[in-house]
Amino acid sequence: VFAFSPVWHPIVIGLGVFTMLLGGFQALRETDLKRILAFGTVSQLGFLTVVLGYGTRDAVLAGLALVLAHALFKSALFLVVGIIDHQLSTRDIREISGLGRQTPVLATVSIITIGSMSGVIPTLGFVAKEAALTALLDEALLHHRGVHVHERLPKALYIHQAHRTVDIAQLL
């Protein structure tokens, strides 16, 4: 809905960028693992707001992929932090040096999930972020050519309606 409003479109995207940056900067200042992950989620929600704020079909599909990828890697990371907290009785990143050598399986799981969070090939995080980037770049290129979302919508509805008419005619 906001993507088609010339007033709300920049506000939604601007708030999404602000949230993304604020969450990222706060995560960099933290030393508690759970708080780092929580502020990373705030940043990811800002990114989702930007992607979904564009309102195109590709952006919505990329947003769904981002939500799924985020749910999978973040839940795994919170479980890893729970294991670390249980074993060491601390979540402070300054006190967990050498943990990877003590628990190599946990380190492997952490590396894979952090890779997905970072968008490393061949993880689902990469696929989702690549889809989001493609959707945003396609939209930016269309805007650069002077074609705006609200101008494309009536054409898309007209094409959809014409296609529907053909399907009904084939059924008769």
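For the structure given in this document, a descriptive report is provided here. Predicted model only: the values in this text are computed from it and were never measured.

**Observations regarding the environment of glycine 16**
Next up, step 1: Along the chain, glycine 16 turns up in helix 1 (residues 8-29).
Next up, step 2: Along the chain, glycine 16 and serine 43 lie 27 residues apart, while their C-alpha atoms are 8.7 Å from each other.
Next up, step 3: Discounting chain neighbours no more than four positions away, the residues touching glycine 16 are Gly46, Phe47, Thr49 and Val50.

**Re unusual backbone geometry**
With glycine set apart, most residues show a phi of negative sign, and most peptide bonds adopt trans.
Next up, step 1: The peptide bond linking isoleucine 121 to proline 122 adopts the cis configuration, its omega dihedral lying at 5 degrees.
Next up, step 2: Relative to the elements of secondary structure, proline 122 occurs in the loop between helix 5 (104-118) and helix 6 (124-144).

**What to know about helix 5**
Next up, step 1: Compared with the 21 Å implied by 1.5 Å per residue over 15 residues, the 20 Å span of helix 5 between its first and last C-alpha is a close match.
Next up, step 2: Every buried residue of helix 5 is listed here: Leu106, Ala107, Ser110, Thr113, Gly115 and Ser116.
Next up, step 3: Glycine 119 occupies a position one or two residues after helix 5 and carries a positive phi of about 85 degrees.

**Points about the packing of helix 2 (residues 33-53) against helix 3 (residues 57-88)**
Next up, step 1: It is the contact of helix 2 with helix 3, at a shortest axis distance of 10 Å, that shows an interaxial angle of 180 degrees. Taken together, the axes of helix 2 and helix 3 are roughly antiparallel relative to one another. Between helix 2, through Leu33, Lys34, Leu37, Ala38, Gly40, Thr41, Gln44, Phe47, Leu48, Val51 and Leu52, and helix 3, the contact on the second element is made entirely by Ala59, Val60, Ala62, Gly63, Leu66, Val67, His70, Lys74, Leu77, Phe78, Val81 and Ile84.
Next up, step 2: Residues of the contact of helix 2 with helix 3, tallied by class, amount to 16 nonpolar, 5 polar and 2 charged.

Cut-offs used in this document
Residues numbered from 1 in each chain as written. Predicted model: local features only at pLDDT ≥ 70, side-chain atom pairs only at ≥ 80, totals over all residues. Heavy atoms only, no water. Helix = DSSP H or I, 4+ residues; strand = E, 2+ residues; numbered from the N terminus. Contact = heavy atoms within 4.5 Å. Expected span 1.5 Å × (residues − 1). Buried < 20%, exposed > 50% of the residue type's maximum accessible area, 1.4 Å probe, protein only. Axes fitted to C-alpha atoms, helices over the stretch in contact; angles between N-to-C directions. Parallel < 35°, antiparallel > 145°, perpendicular 65-115°, else oblique. Nonpolar A, V, L, I, M, F, W, Y, C, P; charged D, E, K, R; others polar.

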